[in-house]
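The primary structure of each chain is shown beneath.
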Amino acid sequence: MTHVSSSKSSTTESSTTDASIEYCGEWFTLDRNKPFDIGRDADLDIDDNQYLHRRFLQIAYIDGLWWLINVGSRLSASISDATGSMQAWLAPGARLPVVFGLTSVVFTAGPTTYEFVVHTSTPAFVDSKPVSSSDGTTTVGAVTFTRSQWLLILALAEPMLKREGTGTSEIPSSAAAAERLGWVLSRFNRKLDNVCDKLSRQGVDGLRGGVGALATNRRARLVEYAVLSRLVTPADLPALDDDTADTPQAPAATPLKDAR
């Protein structure tokens, strides 16, 4: 592993590397000849978090492509391109090729959400920004949300949206998010159920059924998906304090099934 500062990120790379990781303002150069581990006790030490695997994710160069591999046994990660138009959920044991110039990786361990970015200088796929419609509705794919449902998502995503760049953030409890909106907890939980059901029917994994239905995991997965798909952005945060503001149009995202 070679650890370099952000000021060196534009340096011409050697024949053995064309990819790097950005996390909390630090840059880590990847070597094609050596897998790079990410976790609690790995090449990239994310955090001393007891809920995080010692080795959770691995990036390796295999058969002419960089691959992101989930080597953990419990946690999953959300993967997105720079525009949020493509998204996948990387389950334990799954692997996914890193084909974009910039790939965002978001995952949650316990109450904490983490994000790092993989940069490649020779991407196999060039992404383009999706064109949003102008009908005034808030959509992800074919899903339409009411304003109160969208505000619920925004309240849960607020800490992550306030964070600058890659790093860590905390997922609010249902009670804290309900208080932020001025709602009673029963109303919040009912609307959270509706939001998760809508996205689940659209093919977004991890929002209901099995372990993914646990309260903390469900909120975390919703935040990961909403932020990566640009359903909510930092520019939307004033709406939490101004209920007269219009609900913006969000670019459509393509939900993918588990990468296995």
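Above this text is the structure in question.
The numbers attached to residues start from 1 for each chain and follow its sequence in the written order. For this predicted model, a pLDDT threshold of at least 70 governs which residues receive local features, and a threshold of 80 or more governs which side-chain atom pairs are given and counted, while totals over whole chains, interfaces and linings are taken from all residues. Only hydrogens and water are set aside when side-chain values are computed; all heavy atoms of the structure are taken into account.

Engineer: Would you explain helix α2 (residues 174-181) in this entry?
Structural biologist: Residue pairs spaced three or four apart in an α-helix point in one direction, given the helix's 3.6 residues per turn. Buried within α2 are the following residues: Ser174, Ala177, Ala178 and Leu181. Down the axis of α2, the buried side of the element spans an arc of 100 degrees, and every buried residue falls inside it. Counting from the N terminus, the helices are DSSP H or I runs at least four residues long and the strands are E runs at least two residues long. With its phi angle positive at about 75 degrees, Gly182 sits one or two positions after the end of α2. With a 1.4 Å probe rolled over the protein chains alone, any residue whose accessible area is under 20% of its type maximum counts as buried; one over 50% counts as exposed, and the rest are partly exposed. An arc is given here, and it is the one of the directions from the helix axis to the C-beta atoms.

Engineer: Please clarify how the pattern of salt bridges should be interpreted in this entry.
Structural biologist: Criterion for a salt bridge: a side-chain nitrogen of Lys or Arg within 4 Å of a carboxyl oxygen of Asp or Glu. Evaluation of the coordinates by the stated rule reveals 8 salt bridges. With a shortest N-O distance of 2.6 Å, Asp18 and Arg32 are connected by a salt bridge. Note that Asp18 is positioned in the loop between β1 (2-4) and β2 (19-23) and Arg32 in the loop between β3 (26-29) and β4 (36-39), a separation of 14 residues in sequence. Between Arg54 and Asp41 there is a salt bridge whose closest N-O contact spans 3.8 Å. Taken together, the positions of Arg54 in the loop between β5 (44-45) and β6 (57-62) and Asp41 in the loop between β4 and β5 put the pair 13 residues apart, joining distant regions of the chain. The network of salt bridges with shared partners includes Glu158, Lys162, Arg180 and Asp241.

Engineer: Hey, could you run me through the sheet that holds strand β10 (residues 95-97) in this one?
Structural biologist: Strand pairing in a sheet takes place through backbone hydrogen bonds and is either antiparallel or parallel in direction. One open sheet holds the 5 strands; their spatial order is β5-β4-β6-β7-β10, and the pairing between them is mixed. The two strands at the open ends of the sheet, each matched to only one other strand, are β5 and β10. Two elements, β6 and strand β7 (residues 65-70), share 6 bridges in a ladder whose sense is antiparallel. Bridging across to β7, Gln58 finds its partner in Ile69. Paired strands are those between which DSSP finds at least two bridges.

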